Amino acid sequence: MSTIVLDSVSRWFGNVVAVNDVSLTIGPGVTGLLGPNGAGKTTLLAMMSGFLAPSSGQVALDGRPVWRNTDAYRQIGLVPERELSFGYLTGRQFVRANADLHRLPDAAAATERILEVVDLVEPAGRRLDTYSKGMRQRVKIAAALVHDPSVLLLDEPFNGVDPRQRMHLMDLLRRLGEEGRTVLFSSHILEEVERLARHIEVVVSGRHAASGDFGAIRQLMTDRPVQYTLHSSDNRALAAVLIAQPSVRAVQLRGDELHVQVDDLGSFALGLPAWAQQHDLTLFELSPSDESLESVFAYLVAR
Amino acid sequence: MNPTIVKLALQALLGRRRFWLLLAFPILLVGLVAVLAAFTDAEAAWTVLPALGYPLVLPLVAILAASSVLGPEIDDGSIVYLLAKPVNRHSVAVSKWLVALVATLVAGSLPLLLAGLFTGDIARAVALSVAAVVAGTTYSALFLAISAVTRHAVVASLMFVLIWEGLLGNLFSGVAWLSVGQWGLRIGHEISDQLPDPANLVWACLASLVVTVGGVWFAGDRLRSFSLRGED
């Protein structure tokens, strides 16, 4: 069981602040690091894996700083986002080299065992430059897992992986988390994180925006004011009906459109058809105008 | 030293197209000297070696070898796969250097000996190859250190060889005191006085040793601080 603790960690590159005063604790189980592109996820993972010194603050694994501490890699398995450039090696040679670098007592057996875990036994004899994106991702995971680490750090592990392999990878990570390992993966896709992680940390623009289990994060996101655009048989009458509802924060008539800002998405979605029916109004169109993840993140930061 | 790193560095060296370039230079050099020795006289053939073989082919081979074992992995960041391991960074640097060194000796120093033998004077050929072993060793450590610091290692190393040692070294005799090639020649001079005597012998030995040890140590130290920069 291992715990990564970030204590008031900041990292800047010249004038650019990539990570701004982040404090978090990552314990056993699967944790998702969620944030839009450019939020500082890679920078955070680089600091957690000892490949970047924090400009200020502390990054520690089980109480010991990670930076310039090569012994930490006995516990850490790292799956970087970077492409493998060992195209001249076969999958088996690459994983074996990783096992050898860890000086595993039975490197050959460990290699075969982990190739089986990631379902790569059959193509393991082929050169890496013939692998598909999903296979490369799996061989990277195999290389990171071959020494049976207690911490697994993955940077955007599902990027470019097809849906079937994604399921397979998710099962694998879930299993590793259930075994008591500390698994942290980054992603910019909410659904991905939601499906896999028990615990979610949200970062936006280098700041730690939210933290909690996926239910709490989902709640935060659905409870934010949401913008809807409505078309109906009588927009003005509908506006009068809607503004009387506690779930509606603001209504605006703009041309032949009705813009509604909703606070409580649940009761609004539930109530709307009935309100329209009671007042003999016909709804032609209802569309969310800012469902993008960016706006969700923007809300979390502004909160 | 770490046998796995040595093996991977060898595979990196042999697996790249650059390797054939590395072999082409010495083969052309030996061929040229052999042809000149056969069709003109041995002395004319010999002049190729101190003018072209030693000051140009040897450092070029060292640059290609040193930059092949370290440069590309640092450039594309894939060295994290080697460094995310409980392996001492200095042993990574030493292992990579050993591979670069062997490649430099085989493809740089050995051809100089062969080419020298074609020109008849055995003592002279041995002296030049001793100089080439010393300089090749120092060059490979120096260029490895340069590969660990900058993405433009090949250009920076070429500038050192062509501008500092070549151009300025020919204009100002004092540059010999800070020239890897001249240190090697000074040591070779002890075997045959056909080689020049540009600097103090003790200085040449010490300087070669310091640059070699310092270069490899520095490369290891840079690896300890290797940082992964995200795209964001």
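All values derive from a computational prediction rather than experimental measurement. (Residues numbered from 1 in each chain as written. Chains lettered and ligands numbered in written order. Predicted model: local features only at pLDDT ≥ 70, side-chain atom pairs only at ≥ 80, totals over all residues.)

1. Thoughts on the overall build of chain A
In terms of helices and strands, chain A carries 10 helices and 14 strands. On the principal axes, the C-alpha backbone points of chain A span a range of 75 × 45 × 35 Å. Put simply, chain A has 303 residues, and 41% of those count as buried. A separation of at least 24 residues holds for 67% of the contacts in chain A among residues at least 6 apart in sequence. (Helix = DSSP H or I, 4+ residues; strand = E, 2+ residues; numbered from the N terminus. Buried ≥ 20, exposed ≤ 12 C-beta atoms within 10 Å, placed from the backbone. Contact = placed C-beta atoms within 7 Å.)

2. Let's talk about the overall build of chain B
Tallying secondary structure elements over chain B gives 9 helices and 0 strands in all. Against the 2.2 N^0.38 benchmark of 17 Å for 232 residues, chain B shows a C-alpha radius of gyration of 18 Å, consistent with a compact globule. Over its C-alpha atoms, taken along the principal directions, chain B stretches across nearly 60 × 35 × 30 Å. When the 232 residues of chain B are sorted by exposure, 52% land in the buried category. The long-range fraction of contacts in chain B, counting pairs at least 24 apart against all pairs at least 6 apart in sequence, stands at 78%. (Rg over C-alpha atoms; globule rule 2.2 N^0.38 Å.)

3. Side note on helix α6 (residues 122-149) of chain B
With 28 residues, α6(B) should cover 40 Å at 1.5 Å per step; its first-to-last C-alpha distance of 40 Å lies within 8% of that length. Counted residue by residue, α6(B) has 24 buried out of 28 residues, so it is predominantly covered. (Expected span 1.5 Å × (residues − 1).)

4. Section: the sheet that holds strand β13 (residues 257-262) of chain A
Backbone hydrogen bonds hold the strands of a sheet together, and the pairing may be parallel or antiparallel. Residues and elements named next belong to chain A. Here 4 strands make up an open sheet; going across it, the order is β12-β13-β11-β14 and the pairing antiparallel. Each edge of the sheet is formed by a strand with only one pairing partner; in this case those strands are β12 (248-254) and β14 (283-288). The average undirected angle you get between the axes of adjacent strands in this sheet is 20 degrees. Here strand β11 (residues 226-232) runs beside β14; their pairing, made up of 5 bridges, is antiparallel. In the sheet register, Leu230 faces β14, and the bridge partner there is Leu286. Along the sheet, helix α8 (residues 235-243) contacts β11, β12 and β13; its crossing angle with β12, the most-contacted strand, is approximately 165 degrees. (Pairing = 2+ DSSP bridges. Axes fitted to C-alpha atoms, helices over the stretch in contact; angles between N-to-C directions.)

5. A short note on the packing of helix α5 (residues 89-118) of chain B against α6(B)
Residue and element names in this part refer to chain B. Between α5 and α6, the shortest axis-to-axis distance is 8 Å and the interhelical angle comes to 155 degrees. By the angle between their axes, α5 is roughly antiparallel relative to α6. By crossing handedness, the relation of α5 to α6 is classed as right-handed. (Parallel < 35°, antiparallel > 145°, perpendicular 65-115°, else oblique. Left-handed = near helix turned anticlockwise from the far one by under 90°.)

6. Some points on the pairing of strand β4 (residues 56-61) of chain A
All names here are of chain A. Sheet analysis places strand β1 (residues 4-13) next to β4, joined by 5 bridges and oriented antiparallel. Of the residues in β4, the one forming a bridge with Val5 is Ala60. Pairing of β4 with strand β5 (residues 64-65) involves 2 bridges; the strand directions are antiparallel. Across the sheet, residue Ala60 finds its bridge partner in β5, namely Pro65. Two successive antiparallel strands, β4 and β5, enclose a turn made up of 2 residues, where Asp62 displays a positive phi of approximately 50 degrees.

7. With respect to the interface of chain A and chain B
In this assembly, 28 residues from chain A lie in contact with 24 residues from chain B. At the level of elements, α1 (41-48), β6 (76-79) and α2 (91-101) of chain A are the ones that each hand at least two residues to the side of chain A that touches chain B. A class-by-class count of the residues in the side of chain A that touches chain B yields 14 nonpolar, 9 polar and 5 charged. (Nonpolar A, V, L, I, M, F, W, Y, C, P; charged D, E, K, R; others polar.)

8. Brief notes about the pairing of strand β3 (residues 29-34) of chain A
Residues and elements named next belong to chain A. With 5 of 6 residues buried, β3 is to be regarded as a mostly interior element. Sheet topology places β3 next to strand β8 (residues 182-187); 6 bridges connect them, and they run parallel. Pairing of Val30 across the sheet is with Val183, part of β8. Two elements, β3 and strand β9 (residues 199-204), share 4 bridges in a ladder whose sense is parallel. Pairing of Leu34 across the sheet is with Val202, part of β9.

9. Points about the packing of α2(A) against helix α3 (residues 107-117) of chain A
Geometrically, a packed helix pair is captured by the angle between its two axes and the distance between the axes. All names here are of chain A. Axis separation between α2 and α3 bottoms out at 9 Å; the angle between their running directions is 130 degrees. One element, α2, and the other, α3, form an angle in the oblique class. Crossing hand, α2 versus α3: right-handed. Facing Arg92, Val95, Arg96, Ala99 and Asp100 of α2, the residues of α3 in contact are Ala107, Ala110, Thr111, Ile114 and Leu115.

10. So, the confidence of the model for chain B
Of the residues in chain B, 98% reach a pLDDT of 70 or more, and the chain-wide mean stands at 91. The ipTM assigned to the predicted complex is 0.83, against a pTM of 0.82. (pLDDT = per-residue confidence, 0-100.)

11. Quick word on the sheet that holds β9(A)
Residue and element names in this part refer to chain A. The strand order across the open sheet built from 6 strands is β6-β7-β8-β3-β9-β10, with neighbouring strands paired in mixed fashion. The open sheet has two free edges, formed respectively by β6 and β10 (207-213), since each of these has just one partner strand. Between one strand axis and the next, the sheet turns through 15 degrees on average, direction left out of account. Of the strand pairs in this sheet, β6 and strand β7 (residues 151-154) are connected by 4 bridges, and their pairing is parallel. Counterpart to Gly77 in the pairing with β7 is Leu152.

12. Considerations on the nonpolar core
Within the largest apolar cluster, 150 residues are counted, with the highest numbers of intra-cluster contacts made by A:Ala142, A:Leu153, B:Ala65, B:Ala131 and B:Leu144. Top element by residues in this core is α6(B). It accounts for 17 residues. The contact partners of B:Leu144, leaving out residues within four places of it in the chain, are B:Ala66, B:Leu70, B:Lys96, B:Trp97, B:Ala100, B:Gly215, B:Val216 and B:Ala219. Residues A:Leu238, A:Val248, A:Leu258 and A:Ala276 belong to the second largest nonpolar core, which totals 12 residues. (Core = buried A, V, L, I, M, F, W, Y, C linked by C-beta atoms within 7 Å.)

13. Quick notes on α3(A)
The α-helix winds at 3.6 residues per turn, so residues separated by three or four positions along the chain end up facing the same way. All names here are of chain A. Listed as buried for α3 are Ala107, Ala110, Thr111, Ile114 and Leu115. Looking down the long axis of α3, one finds its buried residues gathered within 130 degrees of arc, a one-sided arrangement. Relative to its buried face, α3 has exposed residues pointing more than 90 degrees away, namely Ala108, Ala109 and Glu116. Those residues of α3 that are buried lie in contact with α2 and α4 (133-145). Just beyond α3, the residue with positive phi is Asp119, at close to 65 degrees. (Arc of directions from axis to C-beta.)

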